[in-house]
Amino acid sequence: MHFLSKFAASLNNLFPKVISVEMISLPVQDSLFNYRVAGVAILNGKVLMHKTPSDHFWSLPGGRAELFEFSKDTLLREMQEETGMQVQVGKMLWISENFFRYNGIRHHEIGFYFEMEIPGLKDQTDFSGSEGQEELLFSWIDVRSLDSVPIYPHFLAAELARNPLETGHFTMDFTNLDGL
């Protein structure tokens, strides 16, 4: 077996639910570095959010970038894979640096957040999607109620309530998402 194949297999054994060989996720000791891209779709005063059934918080839809993939292409791919939807990616809104614990693993995440439109959207009904074998729940949440809804990263509640949205750079110190 080729060295890289052995290395990739060992990473998947160490982090089976968290890492895919192609994704930019780098295990460092007992931690994981992620490069994540997410979309901000706001329509009729509601923002599209998602979570797994076991999570106790919502986040913006998106996912980890693949090696040599432009960030806008990551969002196009992730939305197609997770929802089957074709989206249009607009300008970058935010860059975030997050430190958090999720599923018992410490994460250092760099996040790019883009405006996103969903041209073929027929209604704003809640729906399910998937990330591989894992179910994802999608919901349109009123931006005026985000301060009472658990969302992560935390800066999103205030930023999504702005009209118009403003660009920015945000840092989030350690948050234990397992405890939310």
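Definitions and cut-offs
- Residues numbered from 1 in each chain as written.
- Predicted model: local features only at pLDDT ≥ 70, side-chain atom pairs only at ≥ 80, totals over all residues.
- Heavy atoms only, no water.
- Helix = DSSP H or I, 4+ residues; strand = E, 2+ residues; numbered from the N terminus.
- Contact = heavy atoms within 4.5 Å.
- Polar contact = N/O pair within 3.5 Å; in protein donor to acceptor, adjacent residues only side chain to side chain.
- Buried < 20%, exposed > 50% of the residue type's maximum accessible area, 1.4 Å probe, protein only.
- Pairing = 2+ DSSP bridges.
- Axes fitted to C-alpha atoms, helices over the stretch in contact; angles between N-to-C directions.
- Phe/Tyr/Trp six-rings, centres within 6.5 Å; stacked < 30°, edge-to-face > 60°.

Colleague: Outline the environment of Ser 139, supporting the account with residue identities and numerical values.
Modeller: Tracing the sequence through the fold places Ser 139 in strand S9 (residues 134-142). Between the C-alpha atoms of Ser 139 and Trp 58, which are 81 residues apart in sequence, the distance is 9.1 Å. Each residue touching Ser 139, except ones within four places of it in the same chain, is listed here: Val 47, Leu 48, Met 49, Trp 58 and Asp 126. Here Asp 126 takes part through its side chain, which lies 3.0 Å from a polar atom of the side chain of Ser 139.

Colleague: Just give me the short version of the pairing of strand S1 (residues 25-28), but keep the residues and values in it.
Modeller: Two faces belong to every sheet, and in a regular strand the side chains alternate between them. Only one face of S1 is covered, namely the one carrying Ser 25 and Pro 27; the face carrying Leu 26 and Val 28 has none of its residues buried. Note that S1 and strand S2 (residues 31-40) share 4 bridges and pair antiparallel. From the neighbouring strand, Pro 27 faces S2, where its bridge partner is Leu 32. Hairpin remark: S1 followed by S2, antiparallel, with 2 residues in the connecting loop; positive phi at Gln 29, about 55°.

Colleague: Go over the sheet that holds strand S8 (residues 127-131), please, and point to the residues and values.
Modeller: One open sheet holds the 4 strands; their spatial order is S3-S4-S9-S8, and the pairing between them is antiparallel. Where the open sheet ends on each side, the last strands, each with one partner, are strand S3 (42-43) and S8. Relative to S9, S8 runs antiparallel, the two being bridged by 5 bridges. Considered in S9, the bridge of Ser 128 is made with Leu 137. The strands touched by helix H2 (residues 71-83) within the sheet are strand S4 (46-51), S8 and S9, with S8 carrying the most contacts at an inclination of about 115°.

Colleague: Please give an account of the packing of aromatic side chains that cites residues and values.
Modeller: Applying the stated criterion to the full structure yields 9 aromatic pairs. Aromatic pair Phe 127 and Phe 138: ring centres 4.8 Å apart, planes at 0°, arrangement stacked. Highlighted residues: Phe 127 in strand S8 and Phe 138 in strand S9, separated in sequence by 11 residues. Under the relative-accessibility criterion, Phe 138 is labelled buried at 2%. Plain terms: the ring middles of Phe 155 and Phe 170 are 4.2 Å apart, the flat faces sit at 5° to each other, and that makes the pair stacked. Residue Phe 155 is located in helix H3 (residues 155-160), and its partner Phe 170 is located in strand S10 (residues 168-176); the two are separated by 15 residues in the primary sequence. With a relative accessible area of 9%, Phe 155 lands in the buried category. Since its relative accessible area comes to 17%, Phe 170 is described here as buried.

Colleague: I'd like to hear about unusual backbone geometry, residue by residue, with values.
Modeller: For residues that are not glycine, phi is negative in most cases, and the peptide bond is trans in most cases. Omega for the bond connecting Tyr 152 with Pro 153 falls within 30 degrees of zero, at -5°, which places this linkage in the cis form. Its location among the elements puts Pro 153 in the loop between S9 and H3. One non-glycine residue, Asn 44, adopts positive backbone phi at about 55°. Mapped onto the secondary structure, Asn 44 falls in the loop between S3 and S4. In the Ramachandran plot, Asn 103 falls in the positive-phi region, its phi being about 55° despite a non-glycine side chain. When you line up the elements, Asn 103 lands in the loop between strand S6 (88-102) and strand S7 (105-117). With a relative accessible area of 47%, Asn 103 lands in the partly exposed category.

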